[in-house]
Each structure stands twice: as C-alpha cells, then as structure tokens.
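Residues per chain are reported as follows:
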Amino acid sequence: MLVGSAIYAAVCIIVSFVFLRFGARFAKFTLGLLIATAALNINFELLGYFIDMYLGGKNMGLSFVIYAGRLLFYAVLAVICFFIGKTALTGFAVGIVGVTPGIVSILVKEAQEDNES
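The rules we used
Residues numbered from 1 in each chain as written. Predicted model: local features only at pLDDT ≥ 70, side-chain atom pairs only at ≥ 80, totals over all residues. Heavy atoms only, no water. Core = buried A, V, L, I, M, F, W, Y, C linked by side-chain atoms within 4.5 Å. Buried < 20%, exposed > 50% of the residue type's maximum accessible area, 1.4 Å probe, protein only. Helix = DSSP H or I, 4+ residues; strand = E, 2+ residues; numbered from the N terminus. pLDDT = per-residue confidence, 0-100. Expected span 1.5 Å × (residues − 1). Phe/Tyr/Trp six-rings, centres within 6.5 Å; stacked < 30°, edge-to-face > 60°. Axes fitted to C-alpha atoms, helices over the stretch in contact; angles between N-to-C directions. Parallel < 35°, antiparallel > 145°, perpendicular 65-115°, else oblique. Nonpolar A, V, L, I, M, F, W, Y, C, P; charged D, E, K, R; others polar.

## Concerning the nonpolar core
The biggest cluster of nonpolar side chains holds 16 residues, and the ones touching the most others in it are L40, Y74, F92 and I96. Secondary structure elements with two or more residues in this core: α2 (24–56), α3 (60–84) and α4 (86–116). Considering every element that reaches this core, the biggest residue donor is α2, with 8 residues.

This is the structure:
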C-alpha cells in the first residue's frame, strides 16, 4: 500500500508543479498531500487491526475506540491543514480522494485471496 500511495503522491506533486510553480503554494499543497498520504497509510493499518478485533469478537469496546479514533485522526489532520492554508487543505483532499480507492481495492483483493486459500 505504501508504494502505491507514494507513487500517487509523486504524480500529484509533479502535476501540481506545472500549475503552482515552485513557491509557497506549491510547498503547502505538497505538505497537505504528504500529510494525507501518511494519514491514509496509518489509518488503513488501524482499520485492518480494527476489523481483526471486531471479527474476532474480542474487546468490542476497544475496537470502537479505535474506529472513532481513526475518524478523529482524519479530522485533526484536516484542521491542521486548514490552518496551514487552503492550498494545504486542497492537497490533503486530493490525497484522501485519490489514494483511498487504490488502498480499498488492494484490501479487497487481499481479502479475496485469503478467502480462496
């Protein structure tokens, strides 16, 4: 997952360089994009842990706290990007919207492979 999201982030940075040129806006967009990429990788690892706990039936309370914490994690990082600037928040949104479908498709493929074996 990390490699795919890093490739997506690199492509977005290169494309944004064409439109934003090198400067403060480009730096803020890149920072927001990198924050989103890191957040997604951490978040989906926590999601896997949450699903294992939930399906295993152990510690339902802790699994709910992890689930709520994942959403709070996104919210806090979005607010941080907003305070950095609207361009950083745009980079964060592009990162979240772009990387999420790829990570979900990888998780679905892994789940299907686990069910077949």
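## Here's the deal with the confidence of the model for the protein chain
In this model, the protein chain carries an average pLDDT of 77, and 82% of its residues clear a pLDDT of 70 or more. Across the protein chain, the secondary-structure element scoring lowest on mean pLDDT is helix α1 (residues 2–20), at 64, and the one scoring highest is α3, at 84.

## Here's the deal with α2
Taking 1.5 Å of rise per residue, 33 residues should cover 48 Å, and α2 covers 48 Å from first to last C-alpha, within 8% of that figure. G57 lies just past α2 and shows a positive phi near 75°.

## Some remarks on the environment of G69
Within the secondary structure, G69 is located in helix α3. Expressed as a C-alpha distance, the spacing of G69 and N43, which sit 26 residues apart in the sequence, is 9.4 Å.

## A closer look at the packing of aromatic side chains
Per the stated rule, a full pass over the model turns up 1 aromatic pair. Centre to centre, the rings of F82 and F83 are 5.8 Å apart; their planes meet at 65°, and the pair counts as edge-to-face. The exposure class of F82 is partly exposed, given its relative accessible area of 44%. The exposure class of F83 is exposed, given its relative accessible area of 67%.

## Side note on the packing of α2 against α3
In contact at an axis separation of 9 Å, α2 and α3 are set at 175° when each is read in the N-to-C sense. Between α2 and α3, the angle is such that the two are roughly antiparallel. Looking at the contact of α2 with α3 residue by residue, the class counts come to 22 nonpolar, 3 polar and 2 charged.

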